[in-house]
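Structural features, examined
Okay, here's what each chain looks like letter by letter:
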Amino acid sequence: MNGDLFTLLAPELIVIGGAVLALLLGLGASPGARSAPRALALLSVFAAFLVTWYYGPSPAKPLELAGMRFDSLAYYIRLIALSVGALVLLVHWHLPHPAERGDVFAMILFSLAGIMLTSLANDLVLLFLTIELVSIPTYILVSIGRSDIRAQEAGLKYFFLGTLSAALLVYGFSFLYGAAGTTNLSRMQLSPAGGFVTIGLLLAFAGVAFKIAAAPFHVYAADVYQGAAAPVTGLLGFFPKVAGFVALIKLLFLMQPSDLLTAGWNMPGAAFVFLWVVAAATMTLGNVLGLMQTNVKRMLAYSSIAHSGYMLVALLAGPVASGGPLRDGLSAMLFYIVVYGIMNLGAFAVLALIQARGRPAEELDDLAGLGRREPLAALALAICVFSLMGLPPTAGFFAKVYVFSAAISNGAAGWHGLSLIVLAVIGLINSAIAAGYYLRIVATCYLREPVAEPIAEPRTAGIRLGLLGCCIAILVIGVWPGGLLYMSRLPFYDLSAPPAVATHSNAQSPEPAETTEQVYAKEMNS
Amino acid sequence: MMVPFGSTEAGMLNAAPLVPLLPLLGAALVGLLGTRMLKGASHWPVIIGIAGALVASFLILGAVASAQPGTPAGQPDTTYRLFSWFSPLEGLWFDVNFCIDALTAIMLVTVCGISLLVAIYSRDYMRVTETETPEGHEGGPSAAERLADPHVHGHQSGHHQPVPERGYERYFAFIGLFVFSMCTLVLAGNFLLLYLGWEAVGLCSYLLIGFYYQRPAAAAAAKKAFLVNRIGDFGFGLGILFLYLWLSPWAPDGRSPLDYDVAFATIHRLDTWQITTIALLLFCGAVGKSAQLPLYVWLPDAMEGPSPVSALIHAATMVTAGVYMVVRCGEIFVQAPVALAIVAAVGAVTALFAATIAVAQYDMKRILAYSTISQLGYMFLGVGVLAADSAIFHLFTHAFFKALLFLGAGSVMHALAGIIDLRQFGGLRRVLPVTYATFVIGALALAGFPLLSGFFSKDEIIHAAFAHHPVLGTIGLITAVLTAFYTFRMVFMAFAGPERIPAGTHPHESGRWMLVPLVLLAVGAVGAGYVGVHMKAGGFLGFIEPHGPFHRFLAPVVEPYAATLHARVGHEAAGAAHEGHVLMYISALLAIAGILVAYVLYVRRRDWAKQAREAFPVAYQVLHNKYYVDELNDAAIVRPLWDSSRVLFGVDRIVVDGLVWAVSAVPRVMGFLVRPLQNGALQSYGVSMTAGMAVIVLIVWLVSRT
């Protein structure tokens, strides 16, 4: 990988190109042109994946160019976004009306490109823009193609509240800019002691909290999830969350010293307390409210909130220099988000597949007796829900193991360490509460007599294929977590092992960029 | 030494992952498509899967047998890594790895071979003929099954075409799952994977015992098996935990202390009491799984499952897992002489105890179950007296003749519509000629009749037991006589004498799918012993000498046992222990004597048997009621538990439930309180977001101030 920007950005360019083409083709008059966007979208995602795979993780040193930073984190996020994105496309396969196919698939691709660019952003302005690039297409996706009044309402609510959060985010960024005097993330060495930094961080965290549906910015989630079509809801559980968590990681890295990662993050006490309270509240509110629902979509919406809380726990534990995967909160979070995205998508794919009372299944009653009517769909739902619960041998089990063990064995000094342990205990109690409603879903499928004669919608090979992919991924990761764990550890190695100066001096890039580490190194010397 | 799969070093052994995977694939196919598409053809994927696994097992056997010293396969401590599993520490990964040596190869061939025959046999066994009227008095599965299923019962059309039983797909899916689990258990290269396979076979056993779950007896038996096994497995898990805790400091960098090669190479660094603790805890698991005293009680009840399941899981394969494990962990056990002595004692006592119970039973399958417990006792006796190769040899031959006997009993049961009580029928030799012939062969092998497989293997164990301690040897001999007696008591009661057929049944010889496995197993019951002997002038009967190719093949694996034996009695004496054929003649005569006694009592002078019963009524009652162990357990353990649990239940209802209700009310009340915020109005959402943010900032400010 050398410094040619077009080469470096090839995966994003492919996806965006695919999106533009899909949008144009969707306008075509002939039926052939109208059905093309689906295949085109899938093809461009595959192509982008292959290109990313071919490039491989970043070389010894991360490359910084044009406000972007090409490192292992970006590599990992690109890979997982594209792989889950392919499953998302499959689950959407039959959703849109033929006339809207171009719009829907283009929006998915735009959002996907937004995630990839977020992982690359090394500049506050670019970071803000890319996060919005992820969000804005999702506002459209929520209400597109649904004459249902609830979908329109959901889309509108989502948009207005999203705007509010964007305002918070950009307001926070402005404080950070004021404190640092630059928008380049690598050059913004912020001292955790500064007042502006604290205010800026808190506001920015609040803005991001909306994207990941963390309390108290979670209120929209249930209405929006319920209002949107099931496949779109599956997408909402992954796309904005990835972008939000990547932004959080980037913000947290602003304050790390060069010998970072000794024991967790270096951040203002206020920011730590803020994230701690948000994590605890998110887990608890999500599960407690989930327990009260009878609508499966709302139930999964609250579960989605709760899972953001678990991921915040891992993120707060942060990377630790020594110890191993069970102590590394950063890789635990990166591991968790993929697993969550897949299992959540799988559960919503089942809801999209099953028809009851002549409409897609939504209420618990709609699923009663599914085990007998549609054994395969019920099995897939059970796999996804057990994974959400964290039962072995599904992927969710190891995801939870890594998250909570990172929080418990983090070993941060003093009250940091202790409060993380408390947080882990809160999380474990919450996992138990969550089992209450997850098991209700499975029990309804298998133990109750049918109420509404659920049947799988015929001629939906796309959803079925996507669902199969989700289930296989859940089981494979559950049996062999090592592969994904290795990938999710790449960013950690990238950060914990500063590149050797020698490799930098003979670098091939036309514009030798300074890495974070070297900036710090210079500072240390001066 | 660690070799990854897929490398050329592993050679033919690259076939190993296929052994568990193919049956799993078959099971998954049946599980996913069985009820919809495959239906009556559900046996095919599983049979093909197991057949593939058998081929792979033979490839492995060939590769191990032809391994050259110096190559990975030629070294005893080679571990084959499939993939890294998960990691508790930096650099330390628990792998999914396999240990492949002579013992593994023998076990794989046995497991897959028997499984294949049983799966083929089940194709016909798990079908019912619609015209038969179900009048099973004792409630055998087939009869009860049809009673439980109104569809099959009410379908009294005239044709004789057998139809698949209800749950036919489920049955084959479980069988495939079992073969997968058992092969994982056998192939495992570390204790974690072993434990996983161990629990998985237990689960399959539970599911298959409870196959006719509509019948309360079957459901109760399944539960009993599961619970009793939990006791053993708890100890087993604890043993593995101690291994991990105590061996971790000694494991080389980056190697898991639970890998066999690491554990066996470093175990000597522990104190003797630690090794003994670990060995006894591991043996605790074996006692549960292999149904030894005092945890044997589940196995007789497990006969509530279909007969092929009894043959496969509860006779030939799963129950021998304990023996396999103890032999595999030789390095641990030989360093704990106390534990080994306990193994030998438990084995000997169980062998005798179960044999005496079998003498006074009337249910064919239960007689065979007690016989299995007794034979497993022999195997543990063998391991305990350091004749591990003989124990595995007996495991190997026993798999053939005991599976044969169970399948034969199943064939009788199938013919008699579920009746298996020996008091209700007799003289079936003309009605079921093939079943009769093969059953007699199996019975001769079990009884230790000279020149059949059971004779050679059992004799070796008795021989080794005598060399160890005369008491153990004597128990072995007494058990041998009893074995011959109860086996032929069963044979004569079922097949000899005047023909007695229960009213309402139309016995008929089973179909080809059932008879072919019977004949093949009969061949095995005769011939399997000959892989363990070699021809030599001046041997037993002038030409047979024990300890043949089988033992030489197994020698590298049982090296710890052999070395300990040599160290204890000296090389000369250890060699001499194999010499001499006096004992072989004695045990041959005793077996024949046992058969003759059974012949006299149950063919010639049936009144003598009755008189004997009446002469010793107490002894008969005690044996017939299995020493009242079930009643004793009931009175000593189950009742008190039940009573105390009733008290606790009362407490639970009032106190704990109240607490739980209160605790679970907290989330609900909280939810109720926050719910109004979720009223769907956009403005209030904005307000609650802002207010929430304000509250959190307040908290942050308060905390930061302190």
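Things to note about the overall build of chain A
- Looking only at helices and strands, chain A has 23 helices and five strands in total.
- Buried residues in chain A amount to 66% of all 526 residues.
- Contacts in chain A between residues far apart in sequence, at least 24 positions, make up 80% of those at least 6 positions apart.
- When the accessible surface of chain A is totalled, it reaches about 17,000 Å², and 70% of it is carbon and sulfur.

Some words on the overall build of chain B
- Assigned secondary structure in chain B consists of 28 helices and seven strands.
- Here the C-alpha atoms of chain B give a radius of gyration of 28 Å, agreeing with the 27 Å that 2.2 N^0.38 yields for 706 residues.
- Projecting the C-alpha coordinates of chain B onto the three principal axes gives extents of approximately 100 × 70 × 50 Å.
- Pairs at least 24 residues apart make up 79% of the contacts formed inside chain B by residues separated by at least 6 positions.
- Accessible area of chain B: about 27,100 Å², with a carbon and sulfur share of 70%.

Observations regarding the confidence of the model for chain A
- Within chain A, residue pLDDT values average 84, and 89% of them lie at 70 or more.
- Across residues 497-526 of chain A, confidence stays below pLDDT 50; counting only partners more than four residues off in sequence or on other chains, it has 34 contacts.

Considering the interface of chain B and chain A
- The interface is formed by 32 residues belonging to chain B together with 48 residues belonging to chain A.
- Summed over both partners, the interface of chain B with chain A comes to about 3,300 Å²; 74% of that surface belongs to carbon and sulfur atoms.
- Linking chain B with chain A are zero salt bridges.
- Run the count over chain B and chain A and you get one residue pair in polar contact (both at pLDDT 80 or more).
- Elements with a contribution of two residues or more to the side of chain B that touches chain A: α1 (18-38), β2 (79-89), α27 (629-674) and α28 (682-705) of chain B.
- Looking at which element gives the most residues to the side of chain B that touches chain A, the answer is α28(B), with 12 residues.
- Looking at the side of chain B that touches chain A residue by residue, the class counts come to 19 nonpolar, nine polar and four charged.

Things to note about the packing of helix α8 (residues 195-211) of chain A against helix α11 (residues 239-253) of chain A
All names here are of chain A.
- Between α8 and α11, the least distance of the axes is 8 Å, while the angle of their chain directions is 160 degrees. Considered as vectors, α8 and α11 are oriented roughly antiparallel to each other. Handedness of the α8/α11 crossing: left-handed. Residue-level contacts link L201, A204, F205, V208 and K211 of α8 to P240, K241, G244, A247, L248, L251 and L252 of α11.

Quick notes on the confidence of the model for chain B
Residues and elements named next belong to chain B.
- Across chain B, pLDDT averages 83, with 91% of residues at or above 70.
- Contacts from residues 131-159, a stretch scored under 50 in pLDDT, to residues over four places away or in other chains number 51 contacts.
- Across the whole predicted complex the pTM is 0.79, and at the interface the ipTM reaches 0.76.

Some thoughts on the state of the cysteines
- With the rule as written, the count across this model stands at zero disulfides over all chains.
- In this structure C470(A) is a free cysteine whose sulfur lies 6.1 Å from that of C384(A), the closest cysteine sulfur available.
- Its relative accessible area of 0% is what places C470(A) among the buried residues.
- Here C183(B) is not cross-linked by a disulfide; its sulfur's nearest cysteine counterpart is in C112(B), at 3.9 Å.
- Overall, C183(B) belongs to the buried group, its relative accessible area being 1%.

Let's talk about the packing of aromatic side chains
- Counted according to the given criterion, the structure contains 48 aromatic pairs over all chains.
- A ring pair is formed by F211(B) and Y212(B), whose centres lie 5.1 Å apart and whose planes are at 80 degrees; its orientation type is edge-to-face.
- We classify F211(B) as buried; its relative accessible area is 1%.
- You can call Y212(B) buried: its relative accessible area is 1%.
- Where F439(B) meets F495(B), the ring centres are 5.5 Å apart and the plane angle is 50 degrees; that geometry is what we call tilted. Residue F439(B) is found in helix α18 (residues 433-447), and its partner F495(B) is found in helix α20 (residues 470-495); the two are separated by 56 residues along the sequence.
- Note on F495(B): relative accessible area 0%, which makes it buried.
- Of the aromatic side chains, those joined through ring pairs into one cluster are Y139(A), Y158(A), F159(A), F160(A), F210(A) and Y220(A).

Observations regarding the sheet that holds strand β3 (residues 354-356) of chain A
Residue and element names in this part refer to chain A.
- Strand order in the open sheet formed by three strands is β4-β3-β5, with antiparallel pairing between adjacent strands. Both outer strands of the open sheet, β4 (359-360) and β5 (455-456), are each paired with one neighbouring strand and no more.
- Inspection of the sheet shows β3 paired to β5 by two bridges, in the antiparallel sense. Each residue of the ladder has a partner; that of Q355, found in β5, is I455.
- Where helix α14 (residues 329-353) meets the sheet, it contacts β3, β4 and β5, and its direction lies at approximately 45 degrees from that of β3.

Regarding the domain arrangement of chain B
Residues and elements named next belong to chain B.
- Assigned domains of chain B: these are domain 1 (8-624) and domain 2 (628-705).
- Just the C-alpha atoms count here: the centres of domain 1 and domain 2 sit 47 Å apart.
- The interface is formed by six residues belonging to domain 1 together with four residues belonging to domain 2.
- Of the roughly 370 Å² buried at the junction of domain 1 and domain 2 (both faces included), carbon and sulfur atoms supply 48%.
- Taken together, the links from domain 1 to domain 2 amount to zero salt bridges.
- Joining domain 1 to domain 2, the criterion identifies zero residue pairs in polar contact (both at pLDDT 80 or more).
- Class assignment of the residues belonging to the side of domain 1 that touches domain 2 gives a composition of four nonpolar, one polar and one charged.

Comments concerning the pattern of salt bridges
- Counted under the stated rule, the structure contains 25 salt bridges over all chains.
- R78(A) is the partner of E12(A) in a salt bridge, and the nearest nitrogen-oxygen pair spans 2.8 Å. Of this pair, E12(A) sits in helix α2 (residues 10-26) while R78(A) sits in helix α4 (residues 72-91), and the two are 66 residues apart along the sequence. Like R78(A), E12(A) is buried.
- Its salt-bridge partner being D101(B), residue R328(B) comes within 2.7 Å of it at the nearest N-O pair. One end of the pair, R328(B), is in helix α13 (residues 321-328); the other, D101(B), is in the loop between β3 (92-99) and α3 (102-125), and 227 residues separate them in sequence.
- Overall, R328(B) belongs to the buried group, its relative accessible area being 8%.
- A network of salt bridges, in which partner residues are shared, links R215(B), K224(B), D301(B), E304(B), D363(B) and R366(B).

Re the side chain of T266(B)
- Relative to the assigned elements, T266(B) resides in helix α9 (residues 260-266).
- If we skip the residues at most four places from it in the chain, T266(B) touches L247(B) and W250(B).

Examining unusual backbone geometry
- Note that the residue after A215(A), namely P216(A), is joined by a cis bond; omega there is 0 degrees.
- Locating P216(A) in the fold gives a position in the loop between α8 and α9 (219-227).
- Residue L293(B) is joined to P294(B) through a cis peptide bond whose omega torsion reads 0 degrees.
- In this fold, P294(B) is placed in the loop between α10 (272-289) and α11 (298-301).
- The backbone phi angle of L451(B) is positive, close to 75 degrees, even though this residue is not glycine.
- Considering the arrangement of structural elements, one finds L451(B) in the loop between α18 and α19 (453-468).

Things to note about the environment of V582(B)
All names here are of chain B.
- As for its placement among the helices and strands, V582 is situated in helix α24 (residues 582-604).
- Exposure remark for V582: the relative accessible area of 59% places this residue in the exposed category.
- Here the alpha-carbon distance between V582 and P560, two residues 22 residues apart in the chain, equals 28 Å.

Rules and cut-offs
- Residues numbered from 1 in each chain as written.
- Chains lettered and ligands numbered in written order.
- Predicted model: local features only at pLDDT ≥ 70, side-chain atom pairs only at ≥ 80, totals over all residues.
- Heavy atoms only, no water.
- Helix = DSSP H or I, 4+ residues; strand = E, 2+ residues; numbered from the N terminus.
- Buried < 20%, exposed > 50% of the residue type's maximum accessible area, 1.4 Å probe, protein only.
- Contact = heavy atoms within 4.5 Å.
- Areas by Shrake-Rupley, 256 points an atom, 1.4 Å probe, with all protein chains shown as cover.
- Rg over C-alpha atoms; globule rule 2.2 N^0.38 Å.
- pLDDT = per-residue confidence, 0-100.
- Buried area = accessible area lost by both parts, 1.4 Å probe.
- Salt bridge = Lys/Arg side-chain N within 4 Å of Asp/Glu carboxyl O.
- Polar contact = N/O pair within 3.5 Å; in protein donor to acceptor, adjacent residues only side chain to side chain.
- Nonpolar A, V, L, I, M, F, W, Y, C, P; charged D, E, K, R; others polar.
- Axes fitted to C-alpha atoms, helices over the stretch in contact; angles between N-to-C directions.
- Parallel < 35°, antiparallel > 145°, perpendicular 65-115°, else oblique.
- Left-handed = near helix turned anticlockwise from the far one by under 90°.
- Disulfide = S-S within 2.5 Å.
- Phe/Tyr/Trp six-rings, centres within 6.5 Å; stacked < 30°, edge-to-face > 60°.
- Pairing = 2+ DSSP bridges.
- Domains from an automatic or database assignment.

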